[in-house]
Amino acid sequence: MGTRPEDRDRKPSPAALPAPVGRSAPRSPLELYLVFNRLALQGFGGVLAVAQIELVERTGWLTRAEFVEALSVAQVLPGPNVCNLALMTGDRFFGWRGAVTALAGMMLVPLLIVLVLAAAYGHWAHLPAVSGALRGMGAVAAGLVIATALKLARALKANPLGLPLCLAFGSSTFVAIALARLPLVWVVCALGSVAITAAWSKLR
Amino acid sequence: MTSLSPSDLLGLFSHFLVLSLLAVGGAITTAPDMHRYLVIDQHWITDAQFTASVALAQAAPGPNVLFVAVLGWNVAGPVGAAATLLGIMLPSTTLALWAARWGAKRRDTLAVRAFTAGLAPLTIGLLLATGWVLTDPARGHWELLALVALTVAVMLRSAASPIWMVAVGMLAGALGWV
């Protein structure tokens, strides 16, 4: 967000990120597919950390700054963050064909694995060890989501709304969804438009 | 697993189509609404099945959004998985490609910055709500609540990969400790 105005003038490319010049890039959509497939298969409990290692450190397809920029755009848009990240990275190298290839690389094999696990779980769910293992993993999954929320909450300190308003909007969302169980559509439309308007007036 | 009528399948698909566009901050932030729809309103799956689906997808490699396919699988088998996964993916991927190109050129404008800043606290609130819904089966069982708390503490205090905590949870559950 802290880019200087002149940075905008250096963006002739229609893609989300400027086209790479003289740096490493995937040689073919197949290579794009294979790298995304490999990073997805290493991503237990989330793909983001592995994506950073593979795309920035190992292949060098993105600089760290480009990765952060792509991620912040991916997070603002609806949809799974890592899937949006795959779309944008693929789009950058091979246009929409690359976007589809990168997304397929990340999803196809993991989808097969998880559906085989789901089918197997249906067969063996009556075994106490199997249902117990999943109950334990469920508690951990809940803890992982809560920890992620608490880590990300630290970023609200830099939000232009200011911490008190952020806490107000965040806790109203929690109460409306977790306790009152209101439909998400209404909550996001109602609270979201108030929050965006508040941010607008603070930024102006 | 039940077999759904074509109109129920269409309803399932369109519910996830709408959720896709609301999933700012990731598909997991819409989990409470999926729970409300699938478990409370439609009674297609149980509370335990819901949490197990999320846990299974978290334990498997790959993007967390695949829990949506497992939910669909538990509702109506392969057709259900196709309905929920295509529903949650199609609108957001189309929008992401288009908007990333559009927004990259305008990311210093007031409108884009107000949008980002305004939705940020909602995203955090939604993530916490998701964590709350996932602890539903643990409420009243102190061992499970302790495991939730241990996971939060470990993830906040160390850089350990989540896979270790998933393994701890799996082992503790299989041995009947939780």
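The rules we used
Residues numbered from 1 in each chain as written. Chains lettered and ligands numbered in written order. Predicted model: local features only at pLDDT ≥ 70, side-chain atom pairs only at ≥ 80, totals over all residues. Helix = DSSP H or I, 4+ residues; strand = E, 2+ residues; numbered from the N terminus. Buried ≥ 20, exposed ≤ 12 C-beta atoms within 10 Å, placed from the backbone. Contact = placed C-beta atoms within 7 Å. Axes fitted to C-alpha atoms, helices over the stretch in contact; angles between N-to-C directions. Parallel < 35°, antiparallel > 145°, perpendicular 65-115°, else oblique. Left-handed = near helix turned anticlockwise from the far one by under 90°. Nonpolar A, V, L, I, M, F, W, Y, C, P; charged D, E, K, R; others polar. pLDDT = per-residue confidence, 0-100. Core = buried A, V, L, I, M, F, W, Y, C linked by C-beta atoms within 7 Å. Expected span 1.5 Å × (residues − 1). Bend = angle between axes of the 7 residues up to and from the residue.

Undergrad: Can you help me understand the overall build of chain B in this one?
TA: Check the secondary structure of chain B and you find 7 helices and 0 strands. In chain B, the order of α-helices and β-strands from amino to carboxyl end is α-α-α-α-α-α-α. If one aligns the C-alpha atoms of chain B with their principal axes, the spans along those axes are about 55 × 45 × 25 Å. Counting only residues that meet the buried cut, chain B has 57% of its 178 residues in that class. Within chain B, counting contacts between residues at least 6 apart in sequence, those at least 24 apart form 59% of the total.

Undergrad: What am I meant to see in the interface of chain B and chain A here?
TA: Much of the literature gives interface size as the accessible area that the parts lose upon coming together. Across the contact, 91 residues belong to chain B and 93 residues belong to chain A. Contributions of two or more residues to the side of chain B that touches chain A are made by helix H1 (6–22), helix H2 (31–41), helix H3 (47–59), helix H4 (67–104), helix H5 (110–134), helix H6 (142–157) and helix H7 (162–174) of chain B. Considering each element in turn, the side of chain B that touches chain A owes the most residues, 22 residues, to H5 of chain B.

Undergrad: Any chance you could explain the packing of helix H8 (residues 184–203) of chain A against H5 of chain B here in plain terms?
TA: Think of two packed helices as two axes; the pair is described by the angle between the axes and how far apart they sit. Packing of H8 of chain A against H5 of chain B leaves a shortest axis separation of 7 Å and a crossing angle of 130°. For the element pair H8 of chain A / H5 of chain B, the angle class is oblique. Seen from above, H8 of chain A lies across H5 of chain B with right-handed handedness. Where H8 of chain A approaches H5 of chain B, its residues Val188, Leu191, Gly192, Ala195, Ile196, Ala198, Ala199, Trp200 and Leu203 of chain A are matched on the opposing element by Leu110, Arg113, Ala114, Phe115, Ala117, Gly118, Leu119, Pro121 and Leu122 of chain B. Across the contact of H8 of chain A with H5 of chain B, the residue classes break down as 15 nonpolar, 2 polar and 1 charged.

Undergrad: Before we go on, may I ask you to explain the packing of helix H7 (residues 163–179) of chain A against H8 of chain A in this structure?
TA: Residue and element names in this part refer to chain A. Running from N to C, H7 and H8 cross one another at 175°; their axes reach a closest spacing of 10 Å. It follows that H7 is roughly antiparallel to H8 by the angle criterion. Facing Leu165, Phe169, Ser172, Thr173, Ala176 and Ile177 of H7, the residues of H8 in contact are Leu184, Val187, Leu191, Ala195 and Ala198. Looking at side-chain class alone, the contact of H7 with H8 contains 9 nonpolar, 2 polar and no charged residues.

Undergrad: Explain the confidence of the model for chain B here, please?
TA: Predicted coordinates in regions of low pLDDT should not be interpreted in detail. Summary statistics for chain B give a mean pLDDT of 88 and a share of 97% for residues scoring 70 or more. Overall fold confidence (pTM) sits at 0.75, and the ipTM for the predicted complex is 0.80.

Undergrad: How do you make sense of unusual backbone geometry when you look at a structure like this?
TA: Backbone phi values are negative for most residues with the exception of glycine, while trans is the configuration of most peptide bonds. Its identity as a non-glycine residue notwithstanding, Arg181 of chain A has a phi of 55°, on the positive side. Examined against the element boundaries, Arg181 of chain A turns out to sit in the loop between H7 and H8. Of the residues examined, Arg181 of chain A has 14 C-beta atoms within 10 Å and is grouped as partly exposed. Even without glycine at this site, His43 of chain B takes up a positive phi of about 55°. With respect to the helices and strands, His43 of chain B occurs in the loop between H2 and H3. Take His43 of chain B: there are 9 C-beta atoms within 10 Å of it, and that puts it in the exposed class.

Undergrad: For this particular structure, what's the right way to read the nonpolar core?
TA: Generally speaking, nonpolar side chains in soluble globular proteins are found buried as a group. Counting residues in each nonpolar core, the largest one holds 126 residues, and the members touching the most others are Val114 of chain A together with Leu56, Val68, Ala69 and Val70 of chain B. The leading source of residues in this core is helix H5 (residues 81–124) of chain A, at 17 residues. Apart from residues no more than four positions distant in its own chain, Val68 of chain B is found in contact with Phe16, Ala27, Thr84, Leu85 and Ile88 of chain B.

Undergrad: So what exactly am I meant to see when it comes to H5 of chain A here?
TA: Counting along an α-helix, one turn takes 3.6 residues, and residues three or four places apart therefore face a common direction. In this model, H5 of chain A (44 residues) spans only 33 Å end to end at C-alpha, well below the 64 Å of a helix rising 1.5 Å per residue. In the structure, H5 of chain A departs most strongly from a straight axis at Phe94 of chain A, where the bend amounts to approximately 145°.

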